[in-house]
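# Observations on the model geometry
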Amino acid sequence: MAETLRGLGVSPGRAAGRVYRMAGPPPLPAPARAVEADRELSEALRALEATAAELAARAERAPDSTAGEILEAQSFIARDPGLYESVEANVRAGMDAAHAIDAACAHHRRALLEAGGYFAERASDLDDIRNRAVAVVLGLPMPGIPDPGHPFVLVAEDLAPADTVNLDPALVLALLTEKGGPTSHTAILARARALPAVVACRGVIGLDDGTWVSVDGARGEVETGIGEEAATEIQRRAVADRRRSGTSRGPGRTSDDHPVKLLLNIGSAADLRATGSPAGRDAPADPAGEGRGDVASEGVGLFRTEFLFLDRREPPGYEEQVAAYEAVLRAAPGGHVVIRTLDAGTDKPLPFLGLPEEPNPALGVRGLRVSRIRPEVLDTQLDAIAEAARAAGAEPWVMAPMVTTAGEAADFAGRARARGIRHVGAMVEVPAAALRAGRLLNELDFLSIGTNDLSQYTFASDRQHGELADLLDPWQAALLQLIADCAAAGQAAGKPVGVCGEAAADPLLATVLVGLGVSSLSMSAPSIAPVRDSLAAHSLAQCRQNARLALGADDPAQARKLVMPG
Amino acid sequence: MPERTVVIASSSGLHARPAKIFVQAAAKQGVPVRIRVGDGKSVPANSMLAVLALGAVRGTEVTLDAEGPGADEALASLAELLSRDLDAEEALDG
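Residues numbered from 1 in each chain as written. Chains lettered and ligands numbered in written order. Predicted model: local features only at pLDDT ≥ 70, side-chain atom pairs only at ≥ 80, totals over all residues. Heavy atoms only, no water.

## Brief notes about the overall build of chain A
Which entries qualify depends on this criterion: Helix and strand definitions here come from DSSP, where helices need a minimum of 4 consecutive H or I residues and strands a minimum of 2 consecutive E residues; each element is numbered from the N-terminal end. Any two residues whose heavy atoms approach within 4.5 Å are treated as being in contact. Each accessible area is a Shrake-Rupley result for a 1.4 Å probe, and residues are judged covered by the shown protein chains and nothing else.
Secondary structure summary: chain A contains 22 helices and 16 strands in total. Taking all contacts inside chain A whose residues are at least 6 apart in sequence as the whole, residues at least 24 apart take part in 69%. Summed over all atoms, the accessible surface of chain A reaches about 23300 Å², with 53% contributed by carbon and sulfur.

Listed below in structure tokens is the structure:
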């Protein structure tokens with residue numbers, strides 16, 4: 001029977017095919033007192049070896065060398081002598097094979113988390129190894145990405161970073177998850193690969209493997225009960241649409257030539273190189289041959305400088321920072337780069353900052369507020385940006401995260417201008433800043449709205465919270481109202497106001513944002529072409545009409561419906 | 001006990017590809033080699049998990065030690081490996 005499941009559309013596009021579920025982690029049975037330690041040990045080691053062999057085989061088949069190397073390293077970990085030692089100690093202490101593996105992985109997981117930074121990211125490798133090895137011991141289906149031997153729609157509770165490494169874009173047509181929110185890993189991955197995705201979609205995990213569905217990643221709808229014929233037709237049309245997409249060229253503009261700068265969100269100069277080359281990493285895995293290598297952005301709207309700081313016990317040195325910023329300033333199209341100063345704090349702890357723990361870090365010392373305690377970190381960063389700009393002969397735009405009051409804006413602007421930085425701005429992520437956007441612009445040259453955090457604080461909903469995903473939907477009218485107020489303040493002051501949250505990557509919402517009056521949209525590379533197409537298909541008057549409709553809607557679903565073309 | 005102190009040169013530190021190359025090379029030595037950061041605990045250099053947990057980034061000083069016949073040669077070859085930017089070599093590999 002036909003049924004429509006609704007969730008949050010986080011990556012636009014249509015797809016249709018049969019669903020296959022990712023097997024969840026195997027549940028551990030109640031611990032059994034091991035009767036024969038030697039047998040438990042040999043079973044545990046056999047399971048780890050089988051896991052290592054399976055990962056090594058996947059590494060061989062990996063679609064690209066990056067994925068292959070990650071899998072190879074993971075297979076290496078499954079054979080790690082340190083892991084074997086822990087398993088043996090656990091078995092000798094009386095654990096059965098499954099619990100010995102579980103406890104050993106947990107032990108090493110903690111050690112990696114303590115190392116912090118990108119070392120901590122390997123903790124998920126251990127989860128994967130644990131799940132696979134325990135499944136082998138218990139004789140349960142191997143968890144991980146299914147492999148039905150034909151393209152399919154992947155269904156999961158949620159996707160962990162380690163799951164996504166194995167995703168073959170030639171085989172996965174769309175992503176559907178029961179949990180997750182607009183900023184979840186699934187959402188980010190899906191947009192980066194231009195895969196249609198619906199998250200927080202209740203009931204999707206209950207679909208039987210092999211069920212035909214169609215997916216609308218913009219509306220957040222999953223239709224079941226369609227036949228193979230209908231699915232094939234939908235999929236054929238989706239591929240044809242995607243081929244046509246990205247046909248518009250040049251700077252972002254509406255159909256009546258109202259300019260809207262389309263900018264990139266990046267973490268380092270490497271991100272620019274990855275998007276600049278038509279023969280980039282994604283090219284071989286691009287079955288439809290869309291060749292979206294050249295994204296032709298008009299610069300960088302959000303350069304997150306955190307990557308330099310993430311894995312440090314000591315702050316990165318001045319020279320190192322200068323080199324990193326200079327590389328980005330030189331690589332960016334037109335030299336236009338908006339550099340965001342360090343966005344860290346107790347919510348995203350960096351060991352070297354030495355900030356005390358606090359009970360509610362999202363409401364505590366984060367973003368610009370860190371400079372209340374460690375002003376020298378920001379000063380060094382501003383010095384390095386100024387030096388990099390001189391070396392590159394560029395005019396960087398510099399903005400601070402989590403600015404809340406006009407006083408903070410004035411202080412930041414003073415410190416930046418003292419170093420010769422001429423374009424100084426702030427992220428609007430806090431409702432207080434949005435409400436006083438006009439006053440902020442007395443002190444600043446531009447504003448950039450971070451929709452993820454602005455949603456979090458406006459709706460009092462943790463941005464990672466799957467249960468509250470509906471409140472975090474960027475189509476919420478209260479969020480759009482705050483954006484409208486900021487844009488109006490920008491127009492009154494004759495200063496640019498952009499959006500650099502993921503909301504900017506939704507082609508339909510982009511028309512609403514333009515109608516509200518924002519002057520630039522910044523997003524990850526794969527979203528640029530669809531957003532450019534969408535703007536090119538709407539006049540400024542239509543964008544304004546869309547903005548009025550969305551602001552007037554009672555909820556995000558109604559807003560999408562009212563604005564939806566046709 | 002023979003020791004060698006060396007500064008990690010790879011841009012991703014002892015992580016990803018450099019960690020894998022180092023651990024593989026350590027496992028091939030005829031003697032057990034250990035590695036530590038500063039005054040920290042020495043861990044087996046043939047354990048990827050132990051090496052990752054060191055959290056050594058580019059610029060971190062690490063000390064290798066080994067004992068027995070061939071220890072000096074083993075330390076020399078592993079120290080040489082750590083003093084190269086293995087990430088850059090990957091880029092050259094294309």
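## Points about the overall build of chain B
Filter applied, for reference: A simple rule labels every residue: compare its accessible area, found with a 1.4 Å probe on the protein chains alone, to the largest value its type can have, and call it buried under 20%, exposed over 50%, or partly exposed in between.
From N to C terminus, chain B includes four helices and four strands. Element order for chain B, N to C, with α for helix and β for strand: β-α-β-β-α-β-α-α. For chain B, buried positions account for 51% of its 94 residues. Surface exposure of chain B reaches about 4200 Å², of which carbon and sulfur atoms provide 51%.

## Observations regarding the pattern of salt bridges
Residue and element names in this part refer to chain A. Formally: In what follows, salt bridge is the name for a side-chain nitrogen of Lys or Arg lying within 4 Å of a carboxyl oxygen of Asp or Glu.
Inspection of every chain in the model, using the stated rule, returns 37 salt bridges over all chains. With a closest N to O distance of 2.6 Å, Asp-125 and Arg-122 form a salt bridge. Look at Asp-125 and you get buried, because its relative accessible area is 5%. Overall, Arg-122 belongs to the buried group, its relative accessible area being 11%.

## Examining the pairing of strand S7 (residues 212-216) of chain A
Residue and element names in this part refer to chain A. Short version of the rule: A pair of strands is treated as paired once DSSP finds two or more bridges between them.
Summarising burial for S7: four of the five residues are buried, a large majority. Pairing analysis gives five bridges linking strand S3 (residues 14-21) to S7, with the strands arranged antiparallel. In the sheet register, Arg-14 faces S7, and the bridge partner there is Asp-216. One ladder, built from four bridges, connects S7 with strand S8 (residues 221-224); its direction is antiparallel. Considered in S8, the bridge of Val-213 is made with Thr-224. Linking S7 to S8, which pair antiparallel, is a turn of four residues; within it Gly-220 sits at a positive phi near 75 degrees.

## Thoughts on the interface of chain A and chain B
The condition that has to hold: Values labelled buried area give the accessible surface lost by two parts on being combined, using a 1.4 Å probe and summing over both. We define a polar contact as two N or O atoms separated by no more than 3.5 Å, with the added condition that, inside protein, one atom must be a possible hydrogen donor and the other a possible acceptor, whereas residues neighbouring each other in sequence contribute only through side-chain atom pairs.
On the chain B side, the residues contacting the 19 residues of chain A number 21 residues. Interface area, chain A with chain B, both sides summed: about 1700 Å², of which 65% is carbon and sulfur. Across the contact surface, chain A and chain B share one salt bridge. Across the pair Glu-72 of chain A and Lys-20 of chain B runs a salt bridge, and its minimum N-O distance is 3.1 Å. Along the contact surface separating chain A from chain B lie four residue pairs in polar contact (both at pLDDT 80 or more). Taken together, the elements giving at least two residues each to the side of chain A that touches chain B come down to helix H2 (65-78), helix H3 (81-92), helix H4 (97-115) and helix H5 (117-120) of chain A. Of the residues forming the side of chain A that touches chain B, the biggest block, five residues, is contributed by H2 of chain A.

## Here's the deal with the nonpolar core
Note the following rule: Joining through side-chain atoms within 4.5 Å is the link that ties buried Ala, Val, Leu, Ile, Met, Phe, Trp, Tyr and Cys residues into a set, and such a set is a nonpolar core.
Counting residues in each nonpolar core, the largest one holds 92 residues, and the members touching the most others are Tyr-325, Leu-447, Ile-483, Val-512, Leu-513 and Leu-521 of chain A. Once you skip the residues sitting within four places of it in the chain, Leu-513 of chain A turns out to touch Leu-480, Ile-483, Val-499, Ala-503, Ala-504, Val-518 and Leu-521 of chain A. With 63 residues, the next largest nonpolar core counts Val-6, Val-33, Ala-56 and Leu-82 of chain B among its residues.

## Comments concerning the side chain of Asp-96 of chain A
With respect to the secondary-structure elements, Asp-96 of chain A resides in the loop between H3 and H4. For Asp-96 of chain A, the residues in contact, after removing those within four places along its chain, are Pro-31, Ala-32, Ala-34 and Glu-40 of chain A.

## Quick word on the packing of helix H18 (residues 477-493) of chain A against helix H19 (residues 507-516) of chain A
All names here are of chain A. Where we set the bar: Helix axes are fitted to C-alpha atoms over the stretch in contact, other axes to C-alpha atoms as well, and angles between N-to-C directions run from 0 to 180 degrees. Note on terminology: angles under 35 degrees are roughly parallel, angles over 145 are roughly antiparallel, angles of 65 to 115 are roughly perpendicular, and the others are oblique. Note on residue classes: Ala, Val, Leu, Ile, Met, Phe, Trp, Tyr, Cys and Pro are nonpolar, Asp, Glu, Lys and Arg are charged, and everything else, Gly too, is polar.
Across the interface, H18 lies against H19 with an axial gap of 8 Å and an inter-helix angle of 40 degrees. Classified by the angle their axes make, H18 and H19 are oblique. Where H18 approaches H19, its residues Leu-480, Ile-483, Ala-484 and Ala-487 are matched on the opposing element by Leu-509, Val-512, Leu-513 and Leu-516. Partitioned by chemical class, the residues of the contact of H18 with H19 number eight nonpolar, no polar and no charged.

## Let's talk about empty space enclosed by the protein
Residues and elements named next belong to chain A. Short version of the rule: Lining residues are defined by having an atom within 4 Å of a point belonging to a cavity or pocket. Those points lie on a 1 Å grid over the protein atoms alone, cavities being sets where a 1.4 Å probe fits but cannot get out and pockets being open sets with protein on both sides within 12 Å along at least five of seven lines. Grid points are joined across faces, edges and corners, and a volume is the space filled by probe spheres set on the points.
Across all of its chains, the model carries three cavities of 30 Å³ or more by this definition. The computed volume of the second largest cavity comes to approximately 90 Å³. In terms of lining residues, the second largest cavity is bounded by Thr-341, Leu-342, Gly-367, Leu-368, Val-370, Ser-371, Arg-374, Val-377, Leu-378, Gln-381 and Pro-401. Elements supplying a minimum of two residues to the lining of the second largest cavity: helix H12 (370-373) and helix H13 (375-392). In terms of residues, the lining of the second largest cavity owes the most to one element, H13, which gives three residues. Partitioned by chemical class, the residues of the lining of the second largest cavity number six nonpolar, four polar and one charged.

## Structural notes on helix H1 (residues 16-28) of chain B
Selection criterion: An expected span of 1.5 Å times one less than the residue number is assigned to each helix.
Taking 1.5 Å as the rise per residue, H1 of chain B with 13 residues should run 18 Å; its terminal C-alpha atoms sit 19 Å apart, in good agreement. Within H1 of chain B, the full set of buried residues consists of Arg-17, Pro-18, Ala-19, Lys-20, Phe-22, Val-23, Ala-25 and Ala-26 of chain B.

## Remarks on the sheet that holds S3 of chain A
Residues and elements named next belong to chain A. Spatially, the eight strands line up as an open sheet ordered S1-S8-S7-S3-S4-S5-S6-S2, and their pairing is mixed. Of all strands in the sheet, those bounded by a partner on one side alone are strand S1 (3-6) and strand S2 (8-11). The average angle at which neighbouring strand axes cross in this sheet is 30 degrees, direction not considered. Here strand S5 (residues 172-177) pairs with strand S6 (residues 197-199) via two bridges, running parallel. When the sheet's bridge partners are listed, Leu-175 is paired in S6 with Ala-197.

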